[in-house]
Amino acid sequence: LRFQTAAYRQIIGRSLGGQDVPPIDWVITGGESDPANPRPMDGAWARSIRDQCQEAGVAFFHKQNGGVMHAGDGAWGGRQLDGRIWHDFPQQQREE
(Lines give C-alpha, C1' and ligand atoms only; values in the text may rest on other atoms or scores of the structure.)
Protein backbone atom coordinates (compact mmCIF):
# COMPACT_ATOMS: atom_id res chain seq x y z
CA LEU A 1 0.00 0.00 0.00
CA ARG A 2 2.81 2.43 0.72
CA PHE A 3 3.84 2.66 -2.93
CA GLN A 4 0.42 2.84 -4.57
CA THR A 5 -0.79 6.14 -6.03
CA ALA A 6 -4.37 6.74 -4.94
CA ALA A 7 -6.62 9.49 -3.61
CA TYR A 8 -6.99 7.50 -0.37
CA ARG A 9 -5.20 4.46 0.92
CA GLN A 10 -7.70 2.23 2.63
CA ILE A 11 -8.24 -1.28 3.89
CA ILE A 12 -11.64 -2.92 3.67
CA GLY A 13 -11.74 -6.39 5.14
CA ARG A 14 -12.81 -8.81 7.78
CA SER A 15 -9.45 -9.42 9.38
CA LEU A 16 -5.88 -8.17 9.32
CA GLY A 17 -4.79 -11.32 11.12
CA GLY A 18 -3.64 -9.46 14.23
CA GLN A 19 -1.35 -7.17 12.22
CA ASP A 20 -0.90 -3.50 13.01
CA VAL A 21 -2.59 -0.99 10.72
CA PRO A 22 -0.11 0.01 7.96
CA PRO A 23 0.35 3.69 6.95
CA ILE A 24 -3.01 4.39 5.33
CA ASP A 25 -5.80 6.99 5.41
CA TRP A 26 -8.90 4.92 6.08
CA VAL A 27 -9.96 1.57 7.57
CA ILE A 28 -13.42 0.06 7.15
CA THR A 29 -14.46 -2.88 9.35
CA GLY A 30 -17.60 -4.96 9.50
CA GLY A 31 -19.02 -8.38 10.14
CA GLU A 32 -20.47 -10.70 7.53
CA SER A 33 -24.08 -10.29 6.45
CA ASP A 34 -24.89 -13.72 5.02
CA PRO A 35 -28.46 -14.43 6.15
CA ALA A 36 -27.85 -18.18 5.96
CA ASN A 37 -24.61 -18.68 7.89
CA PRO A 38 -22.47 -15.63 8.71
CA ARG A 39 -19.26 -16.10 10.66
CA PRO A 40 -19.44 -14.12 13.91
CA MET A 41 -17.31 -10.99 14.20
CA ASP A 42 -15.29 -10.60 17.36
CA GLY A 43 -16.04 -7.14 18.77
CA ALA A 44 -12.59 -7.08 20.39
CA TRP A 45 -11.03 -7.25 16.90
CA ALA A 46 -12.98 -4.19 15.71
CA ARG A 47 -12.16 -2.32 18.94
CA SER A 48 -8.46 -3.08 18.53
CA ILE A 49 -8.47 -1.79 14.94
CA ARG A 50 -10.44 1.30 16.01
CA ASP A 51 -8.00 2.01 18.84
CA GLN A 52 -5.01 1.65 16.50
CA CYS A 53 -6.67 4.00 14.00
CA GLN A 54 -7.34 6.61 16.67
CA GLU A 55 -3.76 6.40 17.90
CA ALA A 56 -2.40 6.77 14.34
CA GLY A 57 -4.85 9.49 13.25
CA VAL A 58 -6.45 7.19 10.63
CA ALA A 59 -10.17 7.53 9.77
CA PHE A 60 -12.20 4.55 11.06
CA PHE A 61 -15.54 3.44 9.56
CA HIS A 62 -17.42 0.51 11.13
CA LYS A 63 -20.00 -0.70 8.61
CA GLN A 64 -21.86 -3.32 10.64
CA ASN A 65 -21.51 -5.99 13.31
CA GLY A 66 -22.83 -8.73 11.05
CA GLY A 67 -25.28 -11.52 11.73
CA VAL A 68 -28.52 -12.99 10.48
CA MET A 69 -30.88 -10.17 11.52
CA HIS A 70 -31.21 -6.56 10.47
CA ALA A 71 -31.00 -4.19 13.43
CA GLY A 72 -33.20 -1.13 13.86
CA ASP A 73 -30.59 0.96 12.02
CA GLY A 74 -30.85 -1.24 8.90
CA ALA A 75 -27.46 -2.92 9.25
CA TRP A 76 -26.88 -6.61 9.77
CA GLY A 77 -26.32 -6.98 13.52
CA GLY A 78 -26.35 -3.20 14.01
CA ARG A 79 -23.80 -0.47 13.34
CA GLN A 80 -22.86 0.49 16.89
CA LEU A 81 -19.54 -0.35 18.41
CA ASP A 82 -19.36 0.50 22.12
CA GLY A 83 -22.57 2.52 21.89
CA ARG A 84 -21.44 4.74 19.01
CA ILE A 85 -21.71 4.69 15.23
CA TRP A 86 -18.20 5.10 13.75
CA HIS A 87 -18.47 6.64 10.27
CA ASP A 88 -15.27 8.64 9.93
CA PHE A 89 -13.91 9.68 6.53
CA PRO A 90 -10.40 10.84 5.57
CA GLN A 91 -9.95 14.60 5.90
CA GLN A 92 -8.63 15.26 2.41
CA GLN A 93 -7.35 13.53 -0.68
CA ARG A 94 -3.72 12.57 -0.81
CA GLU A 95 -1.56 14.63 -3.17
CA GLU A 96 0.95 12.41 -5.04
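Anything mentioned here points back to the structure above.
Overview of the structure. Just so it is clear, the structure is predicted and the values come from calculations on it, not from any experiment.

1. A few points about the nonpolar core
In globular proteins that are soluble, nonpolar side chains generally tend to be buried together.
In step 1: The biggest cluster of nonpolar side chains holds 10 residues, and these are I24, V27, W45, A46, I49, C53, V58, F60, L81 and W86.
In step 2: The element best represented in this core is helix 1 (residues 43-56), accounting for 4 residues.

2. Brief notes about the pattern of salt bridges
In step 1: All chains considered together, the criterion is met by 4 salt bridges.
In step 2: R50 serves as the salt-bridge partner of D51, at 3.1 Å between the closest nitrogen and oxygen.
In step 3: We classify R50 as buried; its relative accessible area is 9%.
In step 4: Here D82 makes a salt bridge to R50, at a shortest N to O gap of 2.8 Å. Taken together, the positions of D82 in the loop between strand 4 (80-81) and strand 5 (84-85) and R50 in helix 1 put the pair 32 residues apart, joining distant regions of the chain.
In step 5: What emerges from the salt-bridge pattern is a single network uniting R47, R50, D51 and D82.

Reading guide: rules and limits
- Residues numbered from 1 in each chain as written.
- Predicted model: local features only at pLDDT ≥ 70, side-chain atom pairs only at ≥ 80, totals over all residues.
- Heavy atoms only, no water.
- Core = buried A, V, L, I, M, F, W, Y, C linked by side-chain atoms within 4.5 Å.
- Buried < 20%, exposed > 50% of the residue type's maximum accessible area, 1.4 Å probe, protein only.
- Helix = DSSP H or I, 4+ residues; strand = E, 2+ residues; numbered from the N terminus.
- Salt bridge = Lys/Arg side-chain N within 4 Å of Asp/Glu carboxyl O.

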